Structure formats: C-alpha cells, structure tokens
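Residue-level structural notes
Chain residues, written in single-letter form:
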Amino acid sequence: TTASANNFLHAIIDEDLASGKHQEVVTRFPPEPNGFLHIGHAHSICVNFGLAMKYQGRCNLRFDDTNPEKESQEFIDAIQEDVKWLGFDWAGDVRYSSDYFDTLYDYAIYLIKAGNAYVCDLNAEQAKEYRGNLKQPGKNSPYRERSVEENLALFEKMRDGGFEEGACALRAKIDMSSPNMNMRDPIIYRIRKVPHHQTGDKWCIYPIYDFTHGQSDALEGITHSICTLEFEGHRPLYEWFIENLPVPSQPKQYEFSRLNINYTVTSKRKLKSLVDEGVVEGWDDPRMPTISGMRRRGYSAQALRNFSEMVGVNRAGGIVDMGMLEHAIRTDLNDNAPRAMCVMNAVKLSITNFDQAKAMDGVEMMTQPCHPNKPEMGERQLPFTETLYIDRADFTEDTTLSRKKFKRLVFGEYVRLRGGYVIKAEEVVKDEQGTITEIKASLVPGTVGETPPEGVKPRGVIHWVSATLAQKATVRIYERLFDHEAPDFGGRDYMAHLTDNSLHALEGCWVEPSLANTTPEQSFQFEREGYFVADRYEYGEGRLVFNKTISLVESKSK
Ligand code: ATP
Ligand code: MG
Ligand code: MG
C-alpha cells in the first residue's frame with residue numbers, strides 16, 4: 001500500500017502494519033443518533049470506511065448513544081440509510097455503545113475497587129468551583145477519600161434509583177491540579193431518569209462520552225479511533241481509561257481537522273433548528289447540507305466520496321470553499337448525467353413550412369445522443385412538431401444586438417435548434433399588452449445534422465421541445481440557505497443570515513417526453529440550463545418534479 005500525501009493517517013497505519021503492531025486495520029464511525037448526518041459526517045464516513053477498504057480491514061457502525069433524551073430511532077434509521085447510500089457497508093451488525101452498558105458498569109466498579117473512582121455529592125455549581133480553571137488548579141472534592149466500600153454501596157444505590165438526578169455522580173480519581181481540565185476528576189456516570197431507546201428502563205445512570213468511547217473501541221478491537229480535533233484534549237483521558245481498565249485491546253485515538261465549508265453550517269443542533277423553525281421543509285430538504293438533503297438535491301455518492309478525497313485528512317484546519325464541493329458535483333454530473341431538454345419559460349414557436357410529408361402523424365423524429373461523448377449511454381428520440389416551445393429568453397426582436405452578445409434567435413435571423421433544423425424567425429404575434437404569444441419561423445431544409453447552406457449563419461444553438469408532446473413539469477431552483485460566508489462563525493446568529501426566498505418553484509416548465517418515464521433520483525443535464533434531478537419523493541406519474549442540482553458553470557462569486 002502506498003501512503004497518499006493528503007492523508008497523514010496512511011503513514012501511521014503503514015508503520016503499524018509494518019512493525020506488526022497490528023495485523024488488521026479496524027476503524028469505526030460513531031455517530032450520536034441525535035439528528036441527521038451532514039457533509040462533515042460524510043467526510044468522516046469516507047475517512048473511516050475508506051481506510052478500512054484501503055487496508056482491507058473493517059469498519060464498524062456504532063451509535064454512540066449515551067444521551068437518550070436527545071436520541072431516537074428515526075435518526076438511527078436515517079443514519080444507516082445515509083451510510084449505505086454513500087456506498088459503504090459496516091462490519092457485522094450495527095453496534096450501540098449501549099450494548100456495553102453492563103460491561104461499562106463493571107468497569108466502573110473495577111475503578112472504584114482500585115481506588116480510582118468515587119461517588120461525589122457536590123452539586124453542579126460547587127463542582128465547577130472545585131474544578132478551578134486554566135490558570136488555577138482545582139481543589140479535591142471533600143468526597144474524594146470515601147472508602148471503596150462506601151463508594152460501592154453509593155454507586156449501587158445510584159444504579160438502583162435511590163438518588164435524585166444531580167444528587168451525586170461517579171467521578172474518576174485522577175488529578176485535580178492537572179493542566180488538562182479533562183483530567184480533573186471527570187464525571188464518568190451521571191443519574192438520568194429517562195428511558196433509553198435501546199435499553200428501555202433498565203438504567204437510570206448513564207456513562208458519559210469519555211468513559212464510553214474508548215472502552216467501546218477496545219471492546220470492538222478498534223485499532224485506529226479517528227475523531228476530530230476538538231477531542232485532542234480528551235486523548236490523555238482516553239488513554240488513562242485504557243491503561244487503568246482490564247480492556248481486551250489497546251486502541252489509539254487520532255484526531256484530524258473538522259470539515260468546515262463556507263456559506264453553510266455543519267452542526268446537527270443548528271440544522272435541527274432550521275427544521276424545527278420551519279426554515280426548510282425537513283432534514284432532507286434539498287437546501288440542507290445533510291447527506292439526505294444533498295442526495296435529494298442530486299449530488300451523487302461518488303461525487304461526495306471524490307470531494308472527501310480532495311479535502312483529505314490533516315490537522316491544519318481551515319474552511320473549505322463551497323466551490324470545491326460544487327466542482328466535485330459538477331464534474332461528476334458532466335461525466336454521468338444524460339442530456340435532456342427542458343424549456344422553463346416557454347413561448348410558442350410555429351414552423352411555417354413544417355414538412356408533413358417527412359413526418360409520421362405530424363411528428364418528425366430527431367435522434368440525439370444521451371451524452372455527447374459517451375456513445376454507450378445510447379440515443380434518445382426528440383419529436384419535432386409544427387409547434388414548439390422555446391425559452392422566451394432565447395428570442396429578441398432587438399436586431400441591434402451583436403452576434404457575440406446574443407447567440408440565440410433574433411428576429412429575421414437564424415438559429416439552430418439543438419439536434420434539429422436551422423430556423424429563421426419571421427413573424428411575431430403579440431397580445432394586447434404587447435407580450436409575445438407566438439413566434440413564427442421557417443426551417444431551412446436539409447440542415448438536421450448538416451452544415452447550413454451559404455448565407456445561412458445561425459447565431460447559436462437553442463433548446464426546444466415539441467409543444468404538443470412535451471410534458472409539463474415543475475422545476476425547483478435553490479439558492480444558498482445563508483447569504484453570509486461564515487453564518488455561525490464566532491457565535492454569529494446564523495438565523496439572521498438566511499437568504500430570503502432560497503426556493504423558487506417554476507410550475508409551467510416543459511420537458512421532452514422521455515422525462516415522463518424516468519425514475520426518481522435520476523439526474524440530467526437540461527441542456528444550456530444546468531443539472532437537475534427527478535425528485536426522490538415528488539417525481540411520479542402525472543407529477544414531474546425536478547430539483548436543480550447545480551449550474552453548468554461556476555457562477556461568479558457575489
Ligand atoms: P454535530 O456537532 O454536528 O452534532 P458531532 O461531532 O457531535 O457533530 P457525532 O454524531 O458525534 O456528531 O459525530 C460522529 C463522527 O463524525 C465523529 O467521529 C465526529 O468527529 C465526526 N464529525 C462530525 N462533524 C464532522 C465534521 N464537520 N468534519 C469531520 N468529521 C465530523
Ligand atoms: Mg459528538
Ligand atoms: Mg453533537
């Protein structure tokens with residue numbers, strides 16, 4: 001295996017394997033089921049599952065479920081779906097930290113017996129005072145020297161529901177003057193009289209994250225426990241537990257930079273507030289940076305995996321430009337999305353010299369490749385009829401516009417219909433308000449797939465559909481949810497930086513007939529318009545709904 005420059009973990013793992021420290025790489029992805037996963041989690045999934053794949057090891061999916069009041073089955077289900085959709089499969093069954101509650105309880109007893117943990121009755125306020133701060137060492141709790149017997153009895157009473165919430169807690173006995181605040185006798189068990197989605201009413205005490213994570217890693221035989229940099233200061237505690245408990249293996253924690261992207265927020269809590277306040281229609285709203293939102297928006301799993309690879313794994317931090325994500329999405333769609341035509345703001349265009357003799361039942365079929373440079377994707381049929389729709393923006397009566405500036409249809413001039421004839425606009429019909437209701441044009445015979453004759457100089461190529469056979473569609477266009485580059489940076493109020501009207505639904509669009517028979521989640525390039533996807537839920541028979549994924553080219557930054 002070769003180490004790659006943009007992932008510092010490769011060199012570490014290469015060495016661990018070369019030295020014989022590990023025979024196999026075992027990683028885990030450990031989400032807390034308290035919300036839907038976002039782009040940052042997608043990166044973490046790609047990193048953890050990606051390492052297991054690269055080194056032919058294993059990656060577990062473990063729900064880190066130690067805060068039952070915020071967690072739910074809905075989130076557990078959604079997370080599993082997201083991981084699978086991203087293209088990964090976990091080793092064996094799904095795991096839960098709560099699977100280890102019995103063992104963790106035994107570990108707590110082990111610490112007590114070794115004189116390494118005690119039940120402390122300080123209330124939250126007192127405990128805070130005793131902890132000290134970065135400049136000041138803490139003070140030992142007055143309960144720190146309780147005997148093993150007393151601690152065992154009190155801890156049992158905690159477990160049996162004999163105390164109110166907050167009355168006491170089990171703390172590891174480490175060092176109240178450690179410069180690392182995490183080592184100042186951290187709480188390892190607290191009383192929470194709430195049922196748990198996995199263990200029901202069995203427990204009224206729950207282990208805290210730090211006491212759970214490393215031991216769960218050890219119990220699962222995780223070799224490399226990869227997390228984000230905010231846990232760096234927790235590593236000494238992670239190691240302290242591993243050293244002081246009879247765990248079956250010796251995992252190591254490694255930290256890398258969280259993925260942050262501009263113009264968005266990546267925090268389940270903040271994303272939840274957007275859902276709860278009705279800013280978006282749900283966790284999987286196509287504007288959301290959630291995995292399910294991006295999926296619905298038309299981002300492919302492959303594109304997200306490519307993006308994660310581009311971001312890499314480092315400890316340098318920084319904010320990734322949204323343009324990088326968009327580049328990954330666009331490149332993937334350009335390669336893989338079949339082409340189609342959709343007229344979003346239609347005006348009728350009638351062909352004055354439509355050749356009925358060339359047509360069957362009024363239709364002359366044009367054949368177009370589904371993809372310009374992938375013949376293996378096949379061809380599609382475009383019905384050309386006497387009346388068509390083109391986009392209003394593709395026609396002007398202003399004959400003074402230069403050829404360079406307006407490469408579309410101008411009154412009295414030629415344009416090519418994509419995959420069809422060259423036509424010339426000859427007459428315009430308007431209603432009483434002066435709005436154009438119809439353009440009459442003549443076609444130049446023999447120009448389908450052929451260079452036009454001398455003197456016929458089309459300004460450009462425009463898209464079109466048959467007015468009689470096109471299907472009506474709704475196209476939803478999205479803008480960024482936030483209009484600020486760093487909507488939540490430094491505690492900024494992200495709710496105050498929401499873009500007004502980030503969703504535009506265009507009801508009267510017309511798509512080529514084949515788009516009535518595609519499947520939800522199929523992506524297309526609507527020629528000249530951008531990339532679009534058939535909505536995962538709302539596209540169906542009799543209702544054609546497409547979401548705009550991304551523009552064809554990078555838009556100039558505002
Ligand atoms: P949030 O604040 O959004 O809830 P979290 O870190 O609390 O994020 P967890 O469910 O605990 O969410 O995360 C599961 C895994 O995903 C952890 O290993 C965490 O480090 C990782 N992760 C979360 N956010 C990011 C991110 N922005 N970039 C990279 N990894 C992330
Ligand atoms: Mg977390
Ligand atoms: Mg969190």
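Residues numbered from 1 in each chain as written. Chains lettered and ligands numbered in written order. Predicted model: local features only at pLDDT ≥ 70, side-chain atom pairs only at ≥ 80, totals over all residues. Heavy atoms only, no water.

Turning our eyes to something else, we now look at the sheet that holds strand β7 (residues 205–207). What the four strands build is an open sheet, ordered β4-β5-β6-β7; its pairing is antiparallel. Only two strands of the sheet have a single partner each, and these edge strands are β4 (117–120) and β7. If you compare each strand with its neighbour and ignore which way they point, the axes differ by 20° on average. In this sheet, strand β6 (residues 187–191) lies alongside strand β5 (residues 169–172) in antiparallel orientation, the contact comprising three bridges. Residue pairing in the sheet places Leu170 in a bridge with Tyr189 of β6. (Pairing = 2+ DSSP bridges. Helix = DSSP H or I, 4+ residues; strand = E, 2+ residues; numbered from the N terminus. Axes fitted to C-alpha atoms, helices over the stretch in contact; angles between N-to-C directions.)

Size of an interface, as often reported, equals the accessible area lost when the parts are brought together. Under the domain assignment, the protein is made up of domain 1 (8–256), domain 2 (268–336 + 473–511 + 518–550) and domain 3 (346–468). Between the C-alpha centres of domain 2 and domain 3 there is a distance of 32 Å. Roughly 930 Å² of surface becomes buried between domain 2 and domain 3 when both sides are summed, with 40% attributable to carbon and sulfur atoms. Inspection of the region where domain 2 meets domain 3 yields three salt bridges. Between Glu527 and Arg380 there is a salt bridge whose closest N-O contact spans 3.2 Å. Of all the elements in the fold, those that place two or more residues in the side of domain 2 that touches domain 3 are α12 (322–336) and β24 (503–511). The element contributing the most residues to the side of domain 2 that touches domain 3 is α12, with three residues. In the side of domain 2 that touches domain 3, the residues fall into two nonpolar, two polar and four charged. (Domains from an automatic or database assignment. Buried area = accessible area lost by both parts, 1.4 Å probe. Salt bridge = Lys/Arg side-chain N within 4 Å of Asp/Glu carboxyl O. Nonpolar A, V, L, I, M, F, W, Y, C, P; charged D, E, K, R; others polar.)

In contact at an axis separation of 12 Å, helix α1 (residues 8–18) and helix α2 (residues 39–54) are set at 40° when each is read in the N-to-C sense. Accordingly, the angle class assigned to the pair α1 and α2 is oblique. In this structure, the crossing between α1 and α2 has a hand that is right-handed. Contact residues: α1 offers Leu9, His10 and Ile13, while α2 offers Val47, Leu51 and Lys54. (Parallel < 35°, antiparallel > 145°, perpendicular 65-115°, else oblique. Left-handed = near helix turned anticlockwise from the far one by under 90°. Contact = heavy atoms within 4.5 Å.)

For the rest of this paragraph, the subject is the sheet that holds strand β27 (residues 544–550). What holds strands together in a sheet is hydrogen bonding between their backbones, with the strands either parallel or antiparallel. Here we have seven strands laid out as an open sheet, ordered β10-β25-β26-β27-β23-β24-β11, and mixed in their pairing. For this open sheet the edge positions go to β10 (339–340) and β11 (342–343), each flanked by a neighbour on one side alone. Taken together, the two bridges between β11 and β24 define a ladder with antiparallel strand orientation. Its bridge partner lying in β24, Val343 is registered against Trp510. Contacting β10, β25 (523–526), β26 (530–534) and β27, α12 crosses the sheet at an angle of about 125° to β27.

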